[in-house]
Amino acid sequence: MAYDLIVRNGTVVDGSGLPRYRADVGVRHGRIAAIGRLREPAREVIDAEGHVVAPGFVDGHTHMDAQVFWDPLGTCSCWHGVTSVVMGNCGFTLAPCGPRDRHLVMRNLERAEDISAAAMDAGIEWTWTTFPEFLDRLATLPKGINYAAYVGHSALRTYAMGERAFEQAAGEDDLRAMERELRDALRAGAMGFTTSRSPSHETMDRRPVASRLATWDEVRRLVGVMGEMNAGIFEIAGEAVGRTADSVEGLREYHVRLRDLAVETGRPVTWGLFSRREAPGIWRSYLDLLDETAAAGGRMFAQVHSRALTVVLSFRTNLPFDRLPVWRDLRALPLAEQARRLRDPELRRRLVEAARERDQRRAIGAEPRAGSYEWIFVMDTPDGPHRSVAAVARERGLDPVEAMIELALERDLERFFLQPIANEDQDHALELMKHPRTVVTFSDSGAHVSQIMDASLQTHVLSHWVRARQALTLEEGVRMLSFEPATAWGFADRGLIREGMAADLVVFDPDTVGPEMPEVVNDLPAGARRLVQRARGFAATVVNGELVLRDGKPTGALPGHLLRGPLARRE
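Since this is a predicted model, take the numbers as computed values, not measurements.

**Q** I'm lost on the environment of S372 in this one. Help?
**A** The residue S372 is located in the loop between helix 11 (345-354) and strand 15 (377-379) in this model. As for S372 and P400, which are separated by 28 residues in sequence, their C-alpha atoms are 9.6 Å apart. Within the structure, S372 has its side chain in polar contact with the backbone nitrogen of E374 (distance 3.1 Å).

**Q** What's the story with helix 12 (residues 389-396) in this structure? I'm lost.
**A** Because the α-helix completes a turn every 3.6 residues, residues three or four places apart line up on one side. All buried positions along helix 12 are accounted for by V389, A390, V392 and A393. An end-on view of helix 12 places all buried positions within 160° of arc, on one side of the element. In helix 12, the exposed positions angled more than 90 degrees off the buried face are occupied by R394 and E395. Among the structural elements, strand 15, helix 13 (400-410) and strand 16 (416-422) are those in contact with the buried residues of helix 12. The first or second residue beyond helix 12 is G397, which carries a positive phi of 65°.

**Q** Sorry, what's going on with the nonpolar core here?
**A** Soluble globular proteins tend to pack their nonpolar side chains together in the buried interior. Residues L94, L138, W271 and F508 are the most contacted members of the largest nonpolar core, which totals 118 residues. If one sorts the elements of this core by residue count, helix 6 (residues 216-229) sits on top with seven residues. Counting residues in each nonpolar core, the second largest holds 37 residues, with L319, L342, I376 and A390 among its members.

**Q** Before we go on, may I ask you to explain the sheet that holds strand 6 (residues 57-59) in this structure?
**A** Across a sheet, paired strands are connected by hydrogen bonds in the backbone, their directions being either parallel or antiparallel. Sheet architecture is open: three strands sit in the order 6-7-8, paired in parallel fashion. Edge positions in the open sheet fall to strand 6 and strand 8 (146-149), since each of these has one partner strand only. For this sheet, the mean angle separating the axes of adjacent strands, direction not counted, is 15°. Note: strand 7 (residues 82-87) against strand 8, four bridges, orientation parallel. Residue pairing in the sheet places V85 in a bridge with Y147 of strand 8.

**Q** Honestly, the state of the cysteines in this entry has me stumped. Any pointers?
**A** Each disulfide consists of one covalent bond between the sulfur atoms belonging to two cysteines. For the coordinates displayed, the defined rule picks out zero disulfides. Here C90 is not cross-linked by a disulfide; its sulfur's nearest cysteine counterpart is in C97, at 18 Å.

**Q** Would you explain the pattern of salt bridges in this entry?
**A** Per the stated rule, a full pass over the model turns up 56 salt bridges. One salt bridge in this structure joins R20 and E475, with 2.8 Å as the shortest N-O distance. Highlighted residues: R20 in the loop between strand 1 (3-12) and strand 2 (21-28) and E475 in helix 16 (residues 474-481), separated in sequence by 455 residues. The salt bridge partner of D427 is R469, with a shortest N-O separation of 3.7 Å. Placement of the pair is D427 in helix 14 (residues 426-434) and R469 in the loop between helix 15 (457-468) and helix 16, with a sequence separation of 42 residues. With a relative accessible area of 48%, D427 lands in the partly exposed category. The exposure class assigned to R469 is partly exposed, which follows from its relative accessible area of 39%. A cluster of three or more residues bridged by salt bridges with shared partners is formed by R348, D380, R396, E402, E406, E410, R411 and R415.

**Q** Whenever I open this one, the pairing of strand 10 (residues 192-196) confuses me. Can you help?
**A** Each regular strand displays side chains that alternate between the two surfaces of the sheet. Counting buried positions over the five residues of strand 10 gives five, a clear majority of the element. Where burial is concerned, the two faces of strand 10 agree: the one with G192, T194 and S196 and the one with F193 and T195 are both buried. As judged from the two bridges shared by strand 9 (residues 151-152) and strand 10, these two strands associate in the parallel manner. By the bridge assignment, V151 is partnered in strand 10 with F193. Across five bridges, strand 10 lies against strand 11 (residues 233-237) in parallel orientation. Bridging across to strand 11, T195 finds its partner in I236. Handedness of the crossover joining strand 10 and strand 11 through helix 6 is recorded here as right-handed.

Criteria and thresholds
- As a convention, each chain's residues are numbered from 1 in the sequence order in which they are written.
- Given that this is a predicted model, residues contribute local features only at a pLDDT of at least 70 and side-chain atom pairs are listed and counted only at 80 or more, while totals for whole chains, interfaces and linings are drawn from all residues.
- Only hydrogens and water are removed before side-chain values are computed, so all heavy atoms of the structure are retained for them.
- Each helix is a run of H or I in the DSSP string that is no shorter than four residues. Each strand is a run of E no shorter than two, and both are numbered from the N terminus.
- Here a polar contact is recorded for every N or O atom pair within 3.5 Å, except that within protein the pair must consist of a potential hydrogen donor and a potential acceptor, and residues adjacent in sequence are included only if both atoms are side-chain atoms.
- Classification of residues uses two cut-offs on accessible area relative to the type maximum, computed with a 1.4 Å probe and protein chains only: under 20% is buried, over 50% is exposed, and between them is partly exposed.
- For this quantity, the arc is that covered by the directions from the helix axis to the C-beta atoms.
- Throughout, a residue-residue contact means that at least one pair of heavy atoms, one from each residue, lies within 4.5 Å.
- Side-chain atoms within 4.5 Å link the members of a nonpolar core, which is a set of buried Ala, Val, Leu, Ile, Met, Phe, Trp, Tyr and Cys residues.
- Here, strands pair whenever DSSP counts at least two bridges between them.
- The angle between two axes is taken between their N-to-C directions and runs from 0 to 180 degrees, where each axis is a line fitted to C-alpha atoms and a helix contributes only its stretch in contact.
- In what follows, a disulfide is any cysteine sulfur pair within 2.5 Å.
- By salt bridge we mean one thing: a side-chain nitrogen of Lys or Arg within 4 Å of a carboxyl oxygen of Asp or Glu.
- Handedness rule for crossovers: strands pointing away from the viewer, path from the first strand over the helix to the second running clockwise, crossover right-handed.

Listed below in structure tokens is the structure:
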């Protein structure tokens, strides 16, 4: 029997965690048809000699809702082995929302997720109002990878309440309107419902995003809809308690609310979890909450990162000083003119003095922030180790800000600096990754596009934790990136190499796979900028049985699917 595609001579790491083995993988009609020594012909053959053949990776925490409209390939995620993503996290979605009210949705996204309103305005043809209409539109878009979508609380609120969503609690009529749309969204294939109660999520005019105006009773009613329908995952960007050592008051009460919500509704509850040096040990209480909820009969899992959550600083993107008066004037100039003026000793003296001030606008989310130069690092390689700016300043006998200026000028202002804001202790990061109730994900792909570059978290697992540190076996690393997130989000036919499963596959060299250095490009609609980061070591990426990337380059195939949620799959 002939195949559409055969991946020959590879070492199969099948996603289960079981030991690797040599085999060919045959694909027909987008599915894995056979595994073994295959002698039949195929329309296309990938020679995987010396390479690992693994299931495509799954990322459960992205914000690619807008990007999918202008980037069919799904960059940067696709470059790092990701073949399926879940978008619509943290309550931020483009639907429900009619074309006349799209400014309300953009208001929620622009600062909280660093997605350019100009890019959204230029890059999205708004043809929907309801969430089912939005999903139908997604299904028609050309896609290189697979997408699934939550429905977001901020969008539900603005759909039901308009401007009032940013000002007040919902009334009974508002709640009923949100419940109706949520039911329709779930029936159409929404993966679930998401919200944010995080103080990190603000609008450009420094107001809370719409979901933060909701009472907890409003959240309970909406999650209760999923309980009644026995469908969907609840994802929450959580409250501020426990983020600093002096903000632990109310932590237990918040944990009890989350636990009871999971138990009462019967729906899985998930949220992001990081360790933070300003709140040592608090993250362990969140791990305890996972076990406590399971013991009480609820389902809950945490989403964790594979390294520090790090702001990428540069003169080409953002610096902690950009809003200070002297710096603001400089940073408004073209980059070449900035470089010329930075060589003026008097201006440098004024810049160093100004950098000791504090910006009046509080940094939120992944925005650069004033902080210790012991915790700002020079990024000369993707993997590190990286030296601190403070250490370089001591060597050169300079103020740290002047050292940053000198370091940047040495690379024509192209040099990057890293500012970790969570998961600073990598031993803690590893412990979080290995906990049985956590899932390694949380790239935030599609968001924070000029602030962070975490679409490479999957290749970091393989290059750092598997190859360099040997803290995980290759089988453990692949399982973390494929089977575990696929199972957590209910993708029953993905995340494993088994006959009958969807043929989402990656072929990579375990000795070289890893992230490359980031770059700054202006490839978004309206010329908006973003950070991009490619990967090395991938020979092929296959989605639904078609070769999408060969040696990191697109083939032109766009076989990605919309992955609808459980109610739509049942019908």
